[in-house]
Structures are given as C-alpha cells and as structure tokens.
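Structure at a glance
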Amino acid sequence: LYEEDWSEIKIRWTPARFIERVRYWFAETVKGTLHKDDQPLEPLIVGSGYQIVVPHDLFTAKASGEVQRLLVSLPNEKSKVLIATRPDAPAAFAQGVPFVAVAFRAEPQTHGVIKHAPANIFELHEFLSAAGLDLLGKLRGIDSFWDDKALSKAKLVIIVACPKTRGTESTVESTDVWSFLALKTVADVKSTIGRGTSASGIYLGAPGSDVEGKSIELHVCRTVYGFSGEMAAYLNGYDDAKPIKTVAVGLGALGSKVQLGLSRAGFGKWTLVDEDVLLPHNLARHQYTGLALGHKKTEIAAFNTQSLFDGEEPPVSIPANVLNPGEHEEALKKALAEAELILDMSASVPVARHLALSVDSKARRISVFLNPAGTDLVILAEDAERKVSLDALEFQLYRAVLSDARLSKHLTDTTGRVRFSASCRDITSRVPDAHVSILAAIACRAVPVMFGKKEAQISVWQLDKETLGIKSLSLDVAEVQADAFSGWTLVGDKGLFNKLKRLRKGKLPNETGGVLLGSFDHQHHRAYVVDTIPSPPDSEEWPTAYIRGSALLEKEVERVRTATAGNVEYVGEWHSHPKGFSCRPSEDDMKLFAWLTRHMDEEGHPALVCIVGDKGPWFFLGQMLWTGG
C-alpha cells in the first residue's frame with residue numbers, strides 16, 4: 001500500500017487514512033492506473049530479507065547459461081548480506097563457501113501481479129516458463145556443469161535476470177535480478193533432476209529420483225551488483241565518464257582524500273606515486289587510519305581503491321620520489337609516458353616543475369594544492385595541447401597574488417609549524433582536518449570538470465574560517481610566449497606584454513620604464529618574467545631619455561618577495577622608446593646592459609632587459625643582440 005517504510009508512515013497513520021488508502025489502491029488497480037508513468041515498476045516476486053552481492057559483470061563476462069565459479073560468504077553471523085566473489089579475486093577478498101553460479105536471462109514480462117517466491121527448483125521452473133525460459137532443460141543441457149567432478153561438492157546458485165516492461169508492447173524499462181541458492185551440492189542436484197540427452201530427451205536421474213526438482217529447496221535473495229567504476233561514475237552524475245589513465249603524484253592529507261574521492265566517482269585508472277610512509281602525525285588530516293601506520297602511502301591507497309570495486313584492475317603502486325626514483329625509475333617513466341593525465345598533488349614547486357618540463361609524455365598536467373594556511377584550494381590545469389604549461393600557470397598565479405586584493409594573503413603562512421620528530425625537516429602544519437576535507441571535496445568535483453575543458457585554467461576556492469563559506473575565483477589565463485636565448489628560455493605572457501604597452505602609452509611622448517619581476521630556474525634554464533614595478537616616483541622621464549629612480553623600490557621588491565613566498569623577485573629592467581621608434585637598442589641601452597650584466601653576474605643570473613617600442617616589447621637575455629627589422 002505504501003512506498004515508504006512503516007517507520008515513516010506510522011507518525012501520521014490513522015485508521016481512516018488506512019481505509020482510504022486501501023480503497024484508493026483497489027480503485028486505481030481496477031482502472032489500470034495504480035502505477036503512474038514515473039513510478040518504478042513492481043517487483044515480479046517477493047524475496048526474503050537476504051541479499052547477495054554478485055560480480056558487476058556477471059551477465060557480460062560470459063554468455064547466458066555458462067557456468068561461473070563463485071565463493072559466497074557472510075561478513076558475520078548476523079549479516080543478511082552475502083558476498084559472492086570469483087576465486088581469482090585478490091586474496092583479501094576471495095573467501096567463502098564454494099558455489100557454482102549459473103546465470104540466465106529470461107524474456108521480458110509485463111509487471112503487475114507480484115508472485116510468491118519459488119521455494120524449489122520446480123516452482124522456479126514454472127515461474128520462469130512464463131518468461132520463456134525452460135530452466136530444467138537448460139540445467140540438464142549444460143555439459144560442463146555435469147562433467148566437471150571438481151564442481152560436484154560445490155553448492156548451486158541460480159541467478160536469473162528478468163526484464164520488465166510497463167505494458168504488453170512497451171520496451172524494457174528495468175530488470176529484476178534474483179538469486180536462488182540451493183542448499184544442496186551440484187552432485188545432489190544432478191542425481192535428483194537428472195541429465196537430458198539431446199537424442200532421446202530422456203532424463204538420466206537416479207532410480208526413483210524427483211526429476212522435477214521439487215525436493216531441491218531454494219533460498220531466495222535479492223541480488224545486487226558489485227560496485228564498478230561505471231556505476232561509480234553514474235551515481236556521481238557522470239553519464240559519459242571514461243577511466244582516464246591517471247598518474248597521481250603525492251598522497252598527503254589533500255592528495256589521499258582527493259585520490260580516493262575521485263575513485264569513488266569512477267574517475268581515474270590509477271598509478272600512485274609517493275615515497276612516504278604513514279606516520280602518527282599524518283592521522284590528524286590523512287584519509288587513512290591508524291591500522292595503516294608504517295605502510296607506504298601508495299600501497300594503502302591502492303588497497304583502499306581496490307577494495308571499493310568488484311573485479312576492477314588494481315591501481316599500480318610506485319613508492320618512489322619523482323625527483324629521485326632510484327629502482328623505480330623505469331616503472332615511473334613508463335607510467336608517465338602512457339598517462340593521459342598527470343595529477344600533481346605534491347604541494348612541491350620542484351616536483352611540479354619537473355612534471356611540467358622534464359617528463360616525456362603527452363599527458364595533460366593538473367596541479368592541486370592548498371595555500372600554507374590551508375584556507376585556499378588552487379587548481380592549475382594546462383590546456384589540452386599543453387601550450388600553457390604548469391610552470392607558466394604558476395607564475396600567472398603569482399601575478400594575481402600581487403595584483404588581486406582577494407589573494408593578497410594567499411601565500412602568507414599564519415598557522416604556525418609543529419615539529420613531529422628530531423630532524424630539521426620533520427615539520428608539519430597546524431591546519432584543521434575539516435578545512436582539508438571541505439576543500440578536497442571541491443577538488444574531487446573540480447578536477448573532472450576542468451579536465452573536460454580544453455582551455456588552460458587557474459581556479460581558487462577560498463574558505464572562510466569563521467562561517468566555512470566558500471568564494472570561488474576563476475583567474476584569467478594569458479597566452480604564453482617562450483623564446484630561446486643562448487642556453488636559456490625566456491617565458492613571458494601577453495598579460496605582462498600588454499601591461500608594458502599600456503604603461504608606455506600612458507607616458508607618451510615621454511619615455512618610461514621600471515623593473516621586471518619573475519624568477520630564474522637554473523635547473524631547467526628558464527627565466528620567468530611575470531610582472532613589473534612601474535617607474536618609481538623619483539625617475540626622470542623625457543621624450544628622448546629615461547633614468548629610473550629608486551624611491552620606495554627596495555621596499556616594494558621586498559613586498560613582492562614576501563607576498564609570493566620568495567617565488568618572485570627582481571629579474572631585470574625595462575624601458576620604452578618614443579613613438580615612431582623600434583626596439584633597437586641605443587648606445588645608452590648597451591651601457592645599461594653591460595652594467596646589468598656585471599650586477600646580475602654577482603647573483604649568478606643572466607642580465608635581462610626589455611625595450612618597449614612601437615612593435616615591442618623586445619627582450620634581451622644574456623646578451624644584447626638585435627635581430628629585429
């Protein structure tokens with residue numbers, strides 16, 4: 001009479017309402033309108049309180065009627081959920097009493113009258129006859145079922161898929177899957193119902209046997225498919241999700257939560273990379289529990305991911321340092337080369353740079369990390385063609401930190417540090433697990449969404465520590481330009497180029513200038529230029545000359561260094577040429593470059609100068625050679 005459970009109904013149940021519900025039920029049944037078009041179809045039979053979980057690909061791995069070996073177990077004595085696994089499942093999951101499963105698919109039936117559950121093989125045969133399935137004939141005709149002596153002591157489970165339609169001419173709308181457990185062995189069933197011969201059609205059962213199977217009692221179980229990646233994606237709202245070959249680098253507090261969360265969403269065919277083991281202080285924020293203390297994080301993650309799914313290929317565990325993989329070098333190199341996505345969750349600038357610049361792979365890179373205070377989540381996603389790589393996105397984020405008031409404290413660590421052991425590097429942060437969990441949940445949704453877009457993206461989610469509200473920031477990504485200069489690569493972008501052009505235009509007819517901000521990466525021989533401090537107030541600006549001043553400049557450079565956690569600093573000089581002039585360096589420009597070369601050489605950096613003219617900006621790195629028109 002009701003779709004809800006009695007516990008939901010009883011708080012508003014009255015005798016009068018009950019009588020009215022009965023009257024309504026009969027009336028709608030007579031009219032044939034009891035089941036609305038948007039209402040789920042009635043089950044074909046009423047089962048017991050027991051359920052059995054079967055492999056998710058039971059009806060796809062083998063054809064209907066083929067024998068499949070299963071191990072059936074109860075999690076505990078009071079459980080009413082049986083777990084059926086294949087014998088070749090991982091040792092941690094393959095256990096239980098041996099059963100032989102035979103799966104059949106019946107013809108579609110129109111839903112309506114609910115039948116009592118078949119109590120034996122004969123009643124099940126009668127029930128399935130209405131659906132065009134000759135069960136006894138099918139069982140007697142399976143040669144491998146009867147001839148394999150190794151199966152004789154196993155118990156029998158018959159699994160039947162019963163497609164249902166709403167009307168006699170409608171298409172299949174849903175399918176009931178029921179399991180019928182025989183408490184007798186295959187040998188007992190064989191001696192009872194006999195075996196059919198295709199020539200004579202006679203049954204070769206034991207003398208006086210019950211060939212119709214009335215004495216073979218069945219226990220009915222509602223059947224549930226095991227959890228699969230496809231089901232995970234569907235239940236998480238992804239209709240066309242594909243198992244993306246993903247290498248996850250870094251399984252710390254954030255990485256462990258994001259990786260398992262993405263797995264629950266059916267995202268990722270995983271290779272897991274991290275050299276660390278789980279230590280006590282990790283338990284404050286880590287996805288894993290104390291039962292895993294001392295184990296490699298990759299091994300724990302692989303086991304947890306595998307335990308979610310039925311029959312899925314297990315993740316690959318590579319317990320290695322990406323920057324120094326040692327014995328795992330070949331396995332890591334192969335995994336990265338074959339990946340479709342490299343998901344960096346290491347929270348390490350050197351690791352992110354290495355993955356972006358030193359790994360030979362067509363895989364797209366996405367970097368996920370928290371700011372030092374654990375209040376901001378950042379995701380940097382390369383474009384599908386990798387024209388804007390992770391390292392370039394990193395510096396565009398720094399520019400936003402310097403120019404966007406909402407990010408002014410993004411990289412300022414106010415949480416304090418805690419030493420968890422004797423080594424000077426044994427330091428962890430004081431960040432609430434609640435913050436990490438909230439932001440990790442956002443990342444679990446954001447990564448598939450951002451991977452599904454072709455363009456490069458920089459996204460930041462900011463958590464209010466008091467209200468726990470979230471602000472979402474989507475930052476502009478500028479086109480990147482990388483040019484080679486005598487052993488170095490200069491990396492800039494149109495965001496900076498356009499800013500320099502605007503500053504020049506705003507001071508015409510006078511010349512102007514300022515200092516360039518960025519960083520030198522000596523490992524990869526890349527010079528990044530990302531922003532500028534415009535002309536100081538004590539600068540001298542004339543239509544044909546410019547002398548940069550220094551008022552407040554040192555203080556501003558220090559502010560930049562502090563705001564970006566030391567990642568952006570002074571890297572060079574820039575100035576403009578008058579209208580109508582190119583970027584060809586003058587004699588004064590040559591003198592400036594020579595002075596800057598001596599000055600930067602003390603720091604071990606190449607000199608960097610930019611000239612902005614009618615067709616600029618034009619950069620000179622390491623040497624001032626004019627190759628323009």
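Note that this is a predicted model, so its numbers are computed, not measured. (Residues numbered from 1 in each chain as written. Predicted model: local features only at pLDDT ≥ 70, side-chain atom pairs only at ≥ 80, totals over all residues. Heavy atoms only, no water.)

**Here we look at the overall build of the protein**
- Across its full length, the protein holds 17 helices and 29 strands.
- Looking at the 629 residues of the protein, the share that counts as buried comes to 46%.
- Long-range contacts, defined here as pairs at least 24 residues apart, represent 66% of the contacts in the protein between residues at least 6 apart.
- Surface summary for the protein: the accessible area is close to 32200 Å², and the carbon and sulfur share equals 53%. (Helix = DSSP H or I, 4+ residues; strand = E, 2+ residues; numbered from the N terminus. Buried < 20%, exposed > 50% of the residue type's maximum accessible area, 1.4 Å probe, protein only. Contact = heavy atoms within 4.5 Å. Areas by Shrake-Rupley, 256 points an atom, 1.4 Å probe, with all protein chains shown as cover.)

**Quick word on the packing of helix α9 (residues 253-264) against helix α10 (residues 297-308)**
- Closest axis-to-axis distance for the α9/α10 pair is 10 Å, and the angle between their directions is 20°. Between α9 and α10, the crossing angle belongs to the class labelled roughly parallel. Crossing of α9 over α10 shows right-handed handedness. Between α9 and α10, the contacting residues are Q259, L260, S263 and R264 on the first element and A301, N304, T305 and L308 on the second. (Axes fitted to C-alpha atoms, helices over the stretch in contact; angles between N-to-C directions. Parallel < 35°, antiparallel > 145°, perpendicular 65-115°, else oblique. Left-handed = near helix turned anticlockwise from the far one by under 90°.)

**Quick word on the sheet that holds strand β29 (residues 618-621)**
- Reading across the sheet, the 7 strands line up as β21-β22-β24-β23-β27-β28-β29 and stay open at both edges, with mixed pairing between neighbours. Unpaired on one side and paired on the other, β21 (480-485) and β29 mark the two borders of the sheet. Pairwise comparison of adjacent strand axes, ignoring direction, gives a mean angle of 30° for this sheet.
- Each of β21, β22 (488-493), β23 (513-521) and β24 (526-534) is contacted by helix α13 (residues 390-403), which is oriented at about 15° to β24, the strand it contacts most.
- Strands in contact with helix α16 (residues 553-563) are β23, β24 and β27 (569-576); relative to β24, the strand with the most contacts, it is inclined by about 130°. (Pairing = 2+ DSSP bridges.)

**Some words on the confidence of the model for the protein**
- For the protein, the mean per-residue pLDDT works out to 87, and 88% of the residues sit at or above 70.
- Confidence drops under a pLDDT of 50 for residues 197-202, and excluding neighbours within four residues, the segment shows 4 contacts in the predicted structure. (pLDDT = per-residue confidence, 0-100.)

**Details of helix α12 (residues 349-357)**
- Residues V351, A352, R353, H354, L355 and A356 constitute the buried set of α12.
- Contact partners of the buried residues in α12: β11 (245-249), β14 (341-344), β15 (364-370), α13, β23 and β24.
- In this structure S348 caps α12, since a side-chain oxygen of it lies 3.2 Å from the backbone nitrogen of V351. (Polar contact = N/O pair within 3.5 Å; in protein donor to acceptor, adjacent residues only side chain to side chain.)

**Some points on unusual backbone geometry**
- Cis rather than trans, the peptide bond between L508 and P509 has omega equal to 10°.
- Relative to the helices and strands, P509 resides in the loop between α15 (494-507) and β23.
- Look at H525: it is not a glycine, yet its phi comes out positive at around 50°.
- Note that H525 resides in the loop between β23 and β24.

**Some remarks on the pairing of β21**
- Direction of pairing for β21 relative to β22: antiparallel, over a ladder of 6 bridges. Residue D483 lies in a different strand from β22, and its bridge partner there is L490.

**Comments concerning the packing of aromatic side chains**
- A full pass over the atoms with the stated rule returns 10 aromatic pairs.
- For the pair F267 and F451, a centre-to-centre distance of 6.2 Å together with 85° between the ring planes defines the contact as edge-to-face. Here F451 lies in helix α14 (residues 433-451) and F267 lies in the loop between α9 and β12 (269-273), a separation of 184 residues in the sequence. Per residue, the accessibility class of F267 equals that of F451, and both read buried.
- Seen in terms of ring centroids, W618 and W626 are 4.8 Å apart; in terms of plane orientation they differ by 45°. Their pairing is tilted.
- Looking at W618, the relative accessible area reads 27%, which means it is partly exposed.
- Among the aromatic residues, ring-to-ring pairing joins W6, W13 and F18 into one connected group.
- Here the guanidinium or amino end of K214 rests over the ring plane of F122, the centre of that ring lying 4.9 Å away. (Phe/Tyr/Trp six-rings, centres within 6.5 Å; stacked < 30°, edge-to-face > 60°. Lys NZ or Arg CZ within 6 Å of the ring centre and 35° of its normal.)

**Considering the pattern of salt bridges**
- Enumeration according to the criterion identifies 21 salt bridges in this entry.
- Across the pair R561 and E558 runs a salt bridge, and its minimum N-O distance is 2.6 Å. Of this pair, R561 and E558 both sit in helix α16, separated by 3 residues, roughly a single helical turn.
- Where salt bridges share partners, they join R353, E394 and D521 into one cluster. (Salt bridge = Lys/Arg side-chain N within 4 Å of Asp/Glu carboxyl O.)

**What about the sheet that holds strand β13 (residues 316-318)?**
- The strand order β13-β12-β11-β14-β15-β16-β19-β20 describes an open sheet built from 8 strands, whose pairing is mixed. The open sheet has two edge strands with one neighbour each: β13 and β20 (470-475). Averaged over all pairs of adjacent strands, the angle between strand axes in this sheet comes to 15°, irrespective of strand direction.
- The pairing of β12 with β13 spans 3 bridges and is classified as parallel. In the strand pairing of β13, T271 is matched with V316.

**What about a nonpolar patch on the surface?**
- Taken together, the side chains of L1, Y2, W6, W13, F18, I19, W25 and F26 define a hydrophobic patch exposed on the protein surface, amounting to about 800 Å² of accessible area.
- With 4 residues, helix α2 (residues 15-31) is the largest single contributor of residues to the nonpolar patch.
- In this structure, F18 sits in helix α2. (Patch = residues over 30% accessible without salt bridge, like charges linked within 9 Å, V, L, I, M, F, W, Y side chains within 5 Å.)

**Let's talk about the environment of S174**
- Relative to the assigned elements, S174 resides in strand β9 (residues 172-185).
- On the accessibility criterion, S174 (26% relative accessible area) is partly exposed.

**Some words on empty space enclosed by the protein**
- Under the defined criterion, the tally for this structure stands at 1 cavity of 30 Å³ or more.
- In this structure, the largest cavity encloses a volume near 50 Å³.
- Around the largest cavity, the lining residues are A392, F395, Q396, V480, V491, G492, D493, Y528, V529 and V530.
- If you list the elements that add at least two residues to the lining of the largest cavity, you get α13, β22 and β24.
- Its residues assigned to classes, the lining of the largest cavity comprises 7 nonpolar, 2 polar and 1 charged. (1 Å grid on protein atoms, 1.4 Å probe; cavity = no way out; pocket = protein on both sides within 12 Å on 5 of 7 lines; lining within 4 Å. Points joined across faces, edges and corners; volume = space filled by probe spheres on them. Nonpolar A, V, L, I, M, F, W, Y, C, P; charged D, E, K, R; others polar.)

**Some thoughts on the packing of α9 against α14**
- Remark: α9 packs on α14, axes separated minimally by 9 Å, with the N-to-C direction vectors making an angle of 45°. As summarised for this structure, α9 and α14 are arranged oblique, according to the angle between their axes. Regarding α9 and α14, the two cross each other, and that crossing is right-handed. Facing A253, L254, K257, V258, G261 and L262 of α9, the residues of α14 in contact are D433, V436, S437, A440, A443, C444, V447 and P448.
- Looking at the contact of α9 with α14 residue by residue, the class counts come to 10 nonpolar, 2 polar and 2 charged.

**Here's the deal with the environment of A241**
- The residue A241 is located in the loop between α8 (229-235) and β11 in this model.
- For A241, a relative accessible area of 37% puts it in the partly exposed group.
- Taking the C-alpha atoms as reference points, A241 and G266, separated by 25 residues in sequence, lie 7.3 Å from one another.

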